[in-house]
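Structural features, examined
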Amino acid sequence: MAKPEKSRTKPTARPARTSALAKGKKPAPAASRKPAPAKAPAKKAAPRPVAAKPAAAKRPVAKNLAATKAPATKPLAKKSVARPAVPARPAPAPKPATPTARPASPVKKVAPKAAPKVAPKAAPKAAPAAKAPALKVVEKVVEKVVERVVEKVVERVREPSPIPQHPLTYERPAKFEVVNHSRHKLDGLALVTGAPKFTADVDLPGLLHIKVLGSPHAHAKILDIDPSEAIKIPGVVAVYTWKDVPRIARTTAGQGYPEPSPYDTFLLDSKVRFVGDRVAIVAAETPEAAAEACRRIRVNYHVLEPVLDPAQARRPGAPIIHDEPDCRAPLPIFFDPKHNHCAHVDTKVGDVEKGFREADVVRERTYYPHYAQHCPIEPHVCVSYLDENDRLVLRTSTQVPFHARRITAQTLGIPLRKIRVIKPRIGGGFGTKQEVLLEDVCALVTLRTRRPAKWELTRAEEFISARTRHPMIVTIKAGVKKDGTMTALSMKITSNTGAYGSHALTVVSNCGSKVLPLYKIGHIEFVGDTVYTNLPVAGAYRGYGATQAAYAVECMVDELAEAIGMDPITFRQKNHIREGETSPIFKALGEGREGVSMVIKSCGLAQCIEKGMQEIGWAAKRGRGRLAAGPVKRGVGMCCLMQGSSIPEIDMGSVFIKMNEDGSFNMLLGATDLGTGSDTILAQIAAETLGCQHDDMLVYSSDTDFTPFDVGAYASSTTYLSGGAVINAAKQVRAQILAVAASMMNEPVENLVIENRIVYGKGRKNKLTFSQICNFALYEFHQFQIGAIGSHVTHASPPPFSAHFAEVEVDTETGQVKVLKYVAGVDCGTAINPQLADGQTQGGLLNGISFALTEEYHFDDKGRMLNPNFKHYKIFGTADLPEIKTFLVPTYEPTGPYGAKSVSEICINGPMPAIANAIYDAVGVRLTKPPFTAEKVLAALKEAGKRGR
Amino acid sequence: MKLTLTINGKLRSIEIAPNVMLLDVLRAAGYKGVKKGCGEGSCGACAVLIDGRPRNSCLTFAAQCEGSEVLTVEGLGTPENPHPLQDAFVRHGATQCGYCNPGSLIAAKSLLDHTPAPTWEDVKEALDGNLCRCTGYVKRIEAVLDAASLGKK
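Description of the structure in this document. (Residues numbered from 1 in each chain as written. Chains lettered and ligands numbered in written order. Predicted model: local features only at pLDDT ≥ 70, side-chain atom pairs only at ≥ 80, totals over all residues. Heavy atoms only, no water.)

On to the overall build of chain A, then. A tally of regular secondary structure across chain A gives 24 helices and 26 strands. Relative to its 949 residues, chain A shows a buried fraction of 60%. Here chain A displays about 35,900 Å² of accessible surface, and carbon together with sulfur accounts for 56% of that area. (Helix = DSSP H or I, 4+ residues; strand = E, 2+ residues; numbered from the N terminus. Buried < 20%, exposed > 50% of the residue type's maximum accessible area, 1.4 Å probe, protein only. Areas by Shrake-Rupley, 256 points an atom, 1.4 Å probe, with all protein chains shown as cover.)

As structure tokens, then:
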């Protein structure tokens with residue numbers, strides 16, 4: 001692939017949307033599109049009545065005509081050519097044919113699709129009488145063709161497109177009945193009573209236990225592998241090595257297709273690229289037999305020099321990690337594996353050098369955010385079996401069931417239709433389960449042995465061979481004027497993706513796109529390079545690059561403020577983005593292609609700052625704690641944050657709602673609740689729209705056979721994106737309910753109101769329960785299923801905003817840092833469920849505090865992780881909990897469902913910069929190498945000559 | 001070998017291998033509420049009460065439990081009749097993914113059995129062995145304190 005383009009913006013640009021979707025069936029450019037030549041229709045007899053629809057095969061003719069001749073049909077025109085067909089919307093509610101509840105005529109009338117034909121009799125323009133007969137025939141044919149064409153155009157104009165148009169904004173109700181209330185979590189009682197709802201909670205007769213032999217070397221060729229001793233172990237059923245499985249390059253990253261991550265990973269390979277990389281797969285009757293078999297597999301490795309330092313990965317002569325010829329990027333994006341250079345992105349706004357010249361003060365510093373693991377309490381687990389129809393079922397702890405189905409089919413080279421993926425309750429994900437790590441292996445074992453199989457990672461495997469946060473080297477240079485104007489900022493990042501390029505490009509892109517728009521900066525330069533190393537594989541992790549970049553930027557902002565003698569809060573208040581403003585970064589940086597420009601329509605950051613300052617006691621504490629006598633100093637620090645809400649114009653979510661006789665609704669969600677409570681939140685959104693309670697919604701989510709598509713739980717998308725799909729479906733269902741009620745009551749729909757599962761007529765004289773309405777629709781007359789499918793794609797990714805404040809105590813004798821109090825205010829638009837939104841904030845920020853202070857990967861000089869357990873990789877427990885105060889700042893985001901934006905990711909980004917800034921306030925030392933453990937802080941204090949005695 | 005013990009008030013006799021852990025025996029016997037998070041006694045998801053004391057069942061040999069009384073989360077309450085702690089966990093939003101709840105509820109039950117009116121610090125101390133990555137613990141502690149205060153009334 002080509003070297004990175006040095007010009008502006010998009011070396012990473014995805015192909016135009018149409019071609020990406022059409023996959024080779026690229027439509028002709030609009031300019032060259034011609035009206036269909038007069039072929040078939042010309043031969044046919046007189047034009048038919050419109051009601052008799054033209055055969056589907058001829059539709060492109062009409063579309064192309066629509067595109068060229070009838071601009072009025074513009075929404076249909078382009079998209080219908082480029083996009084694959086989608087199922088038509090369910091029929092609109094039957095119109096009350098007669099005013100009586102039970103219409104007199106039982107004959108079902110088929111409503112004509114288009115009103116009376118108005119195809120103009122294409123007036124033959126003053127044909128001279130003396131025309132040759134042959135010419136007349138031609139003229140007649142032309143006339144008929146024109147007539148038919150016009151007719152079709154008219155038809156296209158009238159017929160609603162089968163392709164739904166997604167709303168750009170949602171109306172705001174006068175008051176909320178269900179939304180914005182802290183309703184109990186629908187699955188709460190089942191979870192706290194220990195109901196068997198998780199992946200591994202099923203018993204399958206004849207279950208095989210899978211164990212995968214991991215590589216002891218960071219970088220090696222497998223010269224020879226001999227499983228003959230392993231297979232002899234009693235109870236061992238199968239052993240597979242790279243020789244036994246298909247070799248198909250793909251990515252494990254569960255992203256939209258084609259993925260912006262390189263295809264550099266194989267089911268099994270003859271080369272291993274990190275300690276813990278897959279070497280062989282064993283399936284046995286017991287876990288013990290499987291473990292023993294792994295020990296008996298004889299492998300002859302040719303150990304290669306490993307790449308362990310990301311800063312050295314691209315140096316000339318470095319060992320090449322991906323030297324296999326078949327690795328590739330599925331999109332036309334930068335990919336240079338021969339130099340261990342996995343991804344590149346850059347963008348420029350203005351001229352940073354000019355900006356630095358304009359500045360009164362320029363500062364530069366490099367930050368080193370480190371490796372971390374998600375630590376879901378439930379490790380990755382997958383159970384596979386063949387169902388009674390001989391289809392493969394994968395019951396798996398995943399955030400991306402639909403991507404898991406697609407990638408498993410791809411990896412094994414089997415038809416997608418053979419696979420059903422079920423996501424039961426899952427025990428946390430935080431991004432690590434946005435990867436397809438187990439499903440391919442389980443599928444292989446079950447398809448080969450025809451027996452159910454289970455693979456469950458141990459905690460050590462979770463640390464070593466699941467996914468991690470990309471460690472980065474972030475160099476920031478920024479300029480500021482004395483009045484606080486930010487003139488220029490340059491951010492250059494080397495991101496370490498480990499042995500495989502999962503999320504390699506998009507995480508580093510997010511470092512820019514989810515951080516840089518926060519401040520108004522005259523000139524910006526952003527360069528991101530992701531490199532391969534022979535270290536654990538990075539992937540998606542809550543925050544997704546914004547965590548790493550916000551740390552660097554927010555520390556730099558503090559440094560700039562100090563340099564000009566301004567309070568860091570005043571400095572941020574002066575510079576942060578506000579409602580009605582935009583940033584060129586939105587357009588410049590997308591996910592593997594250009595982004596989507598947008599204007600901020602809701603921003604509660606000012607209130608987050610204001611209230612948070614009061615809560616932490618900023619005015620009284622800032623700059624005072626360091627003056628205290630004795631070795632223990634105190635300090636306060638803060639930071640501001642933004643994130644996004646879904647990936648605009650890429651991600652899609654959908655939902656199906658149908659009504660039951662008792663007035664309940666089945667809601668089949670593609671969206672994936674990974675413990676966040678999204679099933680509950682989406683039920684609240686549906687209930688608000690339908691006029692019922694959230695527990696009237698029977699939610700079933702994430703089953704590729706039974707629920708419609710959704711990209712899954714990532715990119716802060718579920719509430720904002722899938723919530724939009726829920727409204728789009730529920731609105732149709734509501735319209736159907738009202739239409740049926742109107743016919744039953746003999747009242748016009750406009751008279752009707754819905755209140756808590758009851759439809760009232762004018763003046764409340766008539767009333768019908770949801771149950772009565774559904775029974776009528778199902779059993780009485782004009783029978784049909786009240787129900788609808790809704791999809792949603794967003795055209796913006798409105799940022800939630802947040803301000804975080806930390807008060808810390810630093811013992812200058814020991815280096816020990818203690819967080820005394822932590823305050824976080826967040827603007828997530830309307831909190832659909834305030835208690836759950838608050839829970840997201842608290843959970844994310846405690847994970848962030850733990851990441852900043854204690855969580856750390858230790859490696860030996862061979863690239864082996866030394867502490868893959870909770871004893872030596874310290875995540876916070878209750879005893880470590882500081883005083884935490886969180887609050888929500890309500891705003892209303894017009895593009896979100898009931899005003900909602902995202903909430904789940906933003907909160908994890910704050911603690912590292914807020915604590916680092918607080919430590920600086922306490923002891924005057926800037927820490928650039930987290931985590932801020934006692935030994936590191938003590939070393940920094942010593943270096944600065946500030947160690948206490 | 002045969003293991004006889006009382007699980008959630010029911011006398012059970014189970015055929016086991018001498019080297020198996022209580023966690024695996026309980027799950028195989030149908031008590032799926034007992035969760036495995038680390039298998040090395042660090043996360044507390046597998047906590048059960050053995051003769052009234054909270055124990056990590058992943059580090060307890062089943063054979064050690066001959067004649068013991070074991071309480072799992074299933075024995076604490078049911079969806080129809082939840083224990084006040086379970087009810088409080090739901091009301092306070094102390095359950096997100098819920099994977100750690102069975103263990104933390106057992107630890108909380110043990111705390112309230114011995115300290116009916118705990119302080120915030122007592123709860124922090126008692127539940128420190130039960131890791132949770134979702135909630136940030138605040139709502140969990142509030143739930144335990146709320147359940148305790150309801151118990152007093």
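Looking now at the side chain of Asn-869 of chain A. Here Asn-869 of chain A is to be found in the loop between α22 (834-853) and β26 (883-888). Asn-869 of chain A gets classed as buried once you look at its relative accessible area, which sits at 15%. Those residues in contact with Asn-869 of chain A, other than ones at most four positions away along the chain, are Phe-463 of chain A together with Glu-40 of chain B. (Contact = heavy atoms within 4.5 Å.)

Let us look at the environment of Glu-755 of chain A. Residue and element names in this part refer to chain A. Take Glu-755: it is sitting in strand β20 (residues 753-755). Residue Glu-755 is classed as partly exposed on the basis of its relative accessible area of 38%. Sequence separation between Glu-755 and Gly-691 is 64 residues; the distance between their C-alpha atoms is 5.7 Å. The contacts of Glu-755, once residues within four sequence positions are left out, are Gly-691, Tyr-760 and Arg-764. There is a polar contact of 2.5 Å between the side chain of Glu-755 and the side chain of Arg-764. (Polar contact = N/O pair within 3.5 Å; in protein donor to acceptor, adjacent residues only side chain to side chain.)

Residue and element names in this part refer to chain A. Sheet architecture is open: five strands sit in the order β7-β15-β14-β13-β8, paired in mixed fashion. The open sheet has two edge strands, β7 (341-349) and β8 (361-367), and neither has a second partner. Across the sheet, the mean angle separating the axes of adjacent strands is 5° when strand polarity is ignored. Here strand β14 (residues 486-498) pairs with strand β15 (residues 521-532) via eleven bridges, running parallel. Across the sheet, the residue bridging to Ser-490 is Glu-525, located in β15. Along the sheet, helix α13 (residues 504-513) makes contact with β7, β13 (472-480), β14 and β15, crossing β15 at roughly 160°. Contacts from helix α14 (residues 546-563) reach β8, β13 and β14 within the one sheet, and its direction differs from that of β8 by about 150°. (Pairing = 2+ DSSP bridges. Axes fitted to C-alpha atoms, helices over the stretch in contact; angles between N-to-C directions.)

Residue-level contacts link 48 residues of chain A with 46 residues of chain B. Note on chain A versus chain B: buried area summed over both sides is about 3,900 Å², and carbon and sulfur give 59% of it. Ranking the residues of chain A by area buried against chain B places Val-192, Ile-377 and Thr-878 of chain A at the top, with a combined share of 19%. Here chain A and chain B share five salt bridges between them. Here Glu-855 of chain A makes a salt bridge to Arg-133 of chain B, at a shortest N to O gap of 2.8 Å. Here chain A and chain B share 26 residue pairs in polar contact (both at pLDDT 80 or more) between them. Counting only elements with at least two residues in the side of chain A that touches chain B, the list comes to α6 (188-192) and α22 of chain A. (Buried area = accessible area lost by both parts, 1.4 Å probe. Salt bridge = Lys/Arg side-chain N within 4 Å of Asp/Glu carboxyl O.)

Before going further, it helps to examine the pairing of β14 of chain A. Residues and elements named next belong to chain A. Counting buried residues along β14, eleven of its 13 residues qualify, which places the element largely inside the surrounding structure. As paired elements, β13 and β14 share nine bridges and run antiparallel to each other. Across the sheet, Val-474 pairs through a bridge with Ile-493, a residue of β14. Counted between consecutive antiparallel strands, the loop separating β13 from β14 contains five residues, among which Gly-484 sits at a positive phi close to 95°. After leaving β14, the chain enters α13 and then returns to the sheet as β15, a path that is right-handed. (Right-handed = clockwise from strand over helix to strand, strands pointing away.)

Among the residues of helix α2 (residues 84-91) of chain B, those classed as buried are Leu-85, Gln-86, Ala-88, Phe-89 and Val-90 of chain B. Phi turns positive one or two residues past the end of α2 of chain B, at Gly-93 of chain B, with a value near 70°.

The next thing to look at is the environment of Glu-809 of chain A. Residues and elements named next belong to chain A. With respect to the helices and strands, Glu-809 occurs in strand β24 (residues 801-811). For Glu-809, the residues in contact, after removing those within four places along its chain, are Val-632, Lys-633, Arg-634, Gln-816, Val-817, Lys-818 and Leu-820. A polar contact of 3.1 Å, which involves the side chain of Glu-809, links it to the side chain of Arg-634.

With that out of the way, let us pick up the packing of aromatic side chains. Residues and elements named next belong to chain A. Inspection of every chain in the model, using the stated rule, returns 15 aromatic pairs over all chains. With a centroid separation of 5.2 Å and 75° between ring planes, the pair formed by Tyr-367 and Tyr-551 is classed as edge-to-face. Of this pair, Tyr-367 sits in strand β8 while Tyr-551 sits in helix α14, placing them 184 residues apart in sequence. Tyr-367 sits in the buried class, given a relative accessible area of 1%. A residue is classified by how much of its surface remains accessible, and Tyr-551, at 0% relative accessible area, is buried. One Lys or Arg, Lys-477, reaches over the ring of Phe-356 and ends 4.5 Å from the middle of that ring. When the ring centre of Tyr-920 is taken as origin, the NZ or CZ atom of Arg-926, which lies over that ring, is 3.7 Å away. (Phe/Tyr/Trp six-rings, centres within 6.5 Å; stacked < 30°, edge-to-face > 60°. Lys NZ or Arg CZ within 6 Å of the ring centre and 35° of its normal.)

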